[in-house]
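The chain contents come next:
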Amino acid sequence: MTQQNPQYKKVVEYIMSEIENGSLKEGSRLPSEKELCEMFSLSRQTIRHATGELEKNRVITRVKGSGTYVGDQSRPRRKPRYRSVAVMLTYVNSYIFPPVLQGISNTLNNKGYSVSVSFTNNDIEREKRALEQILSSDKVDALIAEPSKSALPNPNMNYYRMLEKRGIPVLFINSSYPKLDMPCIRLDDEGIGYEAVKYLISQGHRDIAAVFHCEDLQGIRRYAGFDRALRENGIVLDPEKVIWLDTAGVSDLDPLMDYITKRISTATAVFAYNDEVACQLIRGFNRKGIRVPDDISVIGVDDAEAARTAEPPLTTFPHPKAELGIMAAQKIIEQIENPLMKRDHLFLPEIIVRDSVKNLNKEEK
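Residues numbered from 1 in each chain as written. Predicted model: local features only at pLDDT ≥ 70, side-chain atom pairs only at ≥ 80, totals over all residues. Heavy atoms only, no water.

Q: Could you clarify how one ought to interpret the pattern of salt bridges in this entry?
A: It is possible for side chains of opposite charge to pair when their charged atoms get near one another. The final tally for this structure, using the stated rule, is 21 salt bridges. One salt bridge connects D189 with R222, and the closest N-O pair in it is separated by 2.7 Å. Here D189, found in helix α7 (residues 189-202), pairs with R222, found in helix α8 (residues 217-232); they are 33 residues apart in sequence, far enough to count as distant. Where D294 meets R291, a salt bridge forms, and the shortest distance between an N and an O atom there is 3.8 Å. Using a relative accessible area of 44% as the deciding quantity, one classes D294 as partly exposed. Given the relative accessible area of 48%, R291 is considered partly exposed. Because the salt bridges share partners, they merge into one network encompassing D303, E305, R308 and R354. (Salt bridge = Lys/Arg side-chain N within 4 Å of Asp/Glu carboxyl O. Helix = DSSP H or I, 4+ residues; strand = E, 2+ residues; numbered from the N terminus. Buried < 20%, exposed > 50% of the residue type's maximum accessible area, 1.4 Å probe, protein only.)

This is how it looks when you write it as structure tokens:
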């Protein structure tokens, strides 16, 4: 009688095949023990036997407090060559980036790293020039980058892959490029869109409009959460009430206010892509005699200073600005010293309720 293959070997063979076909790359995180148990309908003991065999053969590495990763972490930790990190952000004057940059710079400086900063103005040509400069100087240990127009096709992917081939780790913040397997620290944008709509529904709103940025993945993800929350609550999404704006439109809504108000004329609430858009909407509504929140409620994202001083103060979701910068610096140092330490992180902010959303439930009583 032929002896059956031990159950644990099925797990070993699966993981090895995923590595061989490229689905799991060096530094990729394995599914958790619980996920593998459910995937194969096996006990934790059997899963641990399988991962133990792979670890013994230096195919995978367990990292305490983090997870299990493809590759051999027993190799010596890399020493930074230049103690220099490049930081490439989109805007110099945005309300988001000064505290983010300060968090990055302070943390890296305290660890003995110098920081060189460039700004792309959310333009792919300027991004290209910044990446070319980093590659030509070849005197940085890593790059922290915010992508330019991350929802659109981008010709600069080869520059990021060249950095990867040179052993220069890249960490994205706020968003990332789907075609690149590189870690990212960002807000849970889909979760924010979902929670924003849930809150509006809890306040009695069902005719809900939205204004999104079409060129960045943050806008696409926030739309996905917006759509999911509507559907879960039995509300059919009205595409007429979803306004998509490019970078220029987001920065100056004034020429578009007639168009926007016409499109969303019956809505009782609007979810704005960020606080910049939300505050412009409030000012534009005020000029047209549309009162916030009596005639229409507005909700934003970021908790910018303008959100607190708006009339009325804006209900919003906070961006963890300085905290995100500090974490980005810590994570990039981990990657410099150990290429296996590629970890994403999602911030899950809670809503800050102010006066820009009207409770329609009170009117019904």
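Resuming the write-up.
Q: Explanation requested: the layout of surface pockets in the structure shown.
A: To locate leftover empty space, one rolls a probe as large as a water molecule over the atoms. Approximately 520 Å³ is the volume found for the largest pocket. Forming the walls of the largest pocket are 28 residues, and the residues nearest its centre are Y91, S94, F97, Y273 and N274. For the lining of the largest pocket, the element with the highest residue contribution is helix α9 (residues 247-251), accounting for 3 residues. Across the lining of the largest pocket, the residue classes tally to 8 nonpolar, 13 polar and 7 charged. Approximately 380 Å³ is the volume attributed to the second largest pocket. Lining the second largest pocket are 19 residues, and of these D181, M182, P183, K342 and D344 lie nearest its centre. For the lining of the second largest pocket, the elements supplying multiple residues, two or more each, are β7 (184-187) and β12 (345-347). (1 Å grid on protein atoms, 1.4 Å probe; cavity = no way out; pocket = protein on both sides within 12 Å on 5 of 7 lines; lining within 4 Å. Points joined across faces, edges and corners; volume = space filled by probe spheres on them. Nonpolar A, V, L, I, M, F, W, Y, C, P; charged D, E, K, R; others polar.)

Read these as layout, nothing more, since geometry by itself doesn't imply function.
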